[in-house]
Amino acid sequence: MGSGLTIPAKDRASEGIRWLITSRGLGPGDRLPPERELCELVGVSRTALRGAIAELVAGNVLESRQGSGTYVADPRVLLVFQETYNYGAAARDVGMAPGSLLVASGVEGAPADVAERLSLTPGDPVFFLKRVRTADGRPSSIETGWIDHGRFPGVEAHDFARESLYEVLESDYGVRISHGEERISVTRVREDEAPLLGLAPGDAALYFLAVEKDDEGRPVEFGRHIIRADRYHFASNDLPEHLKGKVGKKPWLFS
């Protein structure tokens with residue numbers, strides 16, 4: 001006698017689509033068969049198939065393009081909240097090639113908000129670095145960061161279109177980024193940001209603020225990033241509940 005349990009049609013459709021992707025060796029950007037053919041291959045109704053596709057799109061397995069069809073989605077950069085922010089490593093972890101386009105860099109007097117985050121006095125010299133970060137050649141974010149120039153003299157001589165800031169800090173100055181504080185919210189892309197990200201002015205994007213610190217807890221970099229939400233995943237790792245207290249009570253994290 002059977003158990004009386006049946007697998008919901010939408011779940012069967014979802015597993016069938018995943019099987020099809022694997023069995024045919026489909027990769028990012030490859031188009032799935034038309035809806036009618038998919039229904040026949042998977043053995044479900046159009047209603048179940050559409051429900052499965054919607055879930056797989058939400059899970060970044062598939063991408064629906066209006067008037068074109070359904071495609072295997074590109075991978076996304078994965079950033080884990082409890083881990084130090086490192087774009088290059090995060091992109092490589094999902095099999096993507098990280099890149100940088102240098103927008104601007106130089107030494108300036110620290111604005112008040114930057115000075116506060118880096119425990120400096122407004123006007124103290126800071127090195128700023130603004131880059132478009134890419135994954136497989138496509139723009140993912142605009143990253144702007146500031147570090148204490150007095151602590152890292154001569155850092156501006158490096159070519160950060162090719163070099164990693166964190167690797168330079170560790171190799172040339174003996175400073176390793178080990179942890180930090182982050183805040184994520186939603187913003188609208190400005191006119192000057194839109195062409196750099198391949199978006200339209202006013203499109204929604206993620207607004208990421210971070211203070212990255214060294215092993216001794218000293219602030220090293222203050223970062224302000226505009227992120228394409230369709231190019232990133234964010235996640236939390238499995239730290240015990242009591243470690244949540246390490247975030248502290250910094251007002252700027254919650255404002």
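For clarity, every value in this text was computed on a predicted model and none was experimentally measured.

(A) Local environment of the nonpolar core. Ranked by internal contacts, the top residues of the largest apolar core, which has 16 residues, are I17, L32, V44, L49 and L62. Only α1 (9-23), α2 (35-42) and α3 (46-58) provide two or more residues apiece to this core. Here this core takes five residues from α3, the largest share from any one element. L49 has contacts with A13, I17, E35, L38, C39 and V44, leaving out every residue within four places of it along the chain. Judged by nonpolar contacts, the second largest core, of 13 residues, contains F160, Y166, L169 and V175.

(B) Here's a closer look at the packing of α1 against α3. Between α1 and α3, the shortest axis-to-axis distance is 8 Å and the interhelical angle comes to 60°. Here α3 runs oblique to α1, going by the angle between their axes. Considering the relative orientation of α1 and α3, their crossing is right-handed. In this structure, α1 uses A9, K10, A13, S14, I17 and R18 to contact α3, whose residues at the interface are A48, L49, G51, A52, I53, E55 and L56. Split into classes, the residues belonging to the contact of α1 with α3 amount to eight nonpolar, two polar and three charged.

(C) Inspection of the pattern of salt bridges at higher detail. In this structure the tally under the stated criterion is 13 salt bridges. What emerges from the salt-bridge pattern is a single network uniting E35, R46 and R50.

(D) Just the confidence of the model for the chain, in detail. Averaged over every residue, the pLDDT of the chain is 85; the share at 70 or more is 85%. In the predicted structure, residues 240-249 sits below a pLDDT of 50 and forms five contacts with residues beyond four places in sequence or in another chain.

Quick notes on the rules
- Residues numbered from 1 in each chain as written.
- Predicted model: local features only at pLDDT ≥ 70, side-chain atom pairs only at ≥ 80, totals over all residues.
- Heavy atoms only, no water.
- Core = buried A, V, L, I, M, F, W, Y, C linked by side-chain atoms within 4.5 Å.
- Buried < 20%, exposed > 50% of the residue type's maximum accessible area, 1.4 Å probe, protein only.
- Helix = DSSP H or I, 4+ residues; strand = E, 2+ residues; numbered from the N terminus.
- Contact = heavy atoms within 4.5 Å.
- Axes fitted to C-alpha atoms, helices over the stretch in contact; angles between N-to-C directions.
- Parallel < 35°, antiparallel > 145°, perpendicular 65-115°, else oblique.
- Left-handed = near helix turned anticlockwise from the far one by under 90°.
- Nonpolar A, V, L, I, M, F, W, Y, C, P; charged D, E, K, R; others polar.
- Salt bridge = Lys/Arg side-chain N within 4 Å of Asp/Glu carboxyl O.
- pLDDT = per-residue confidence, 0-100.

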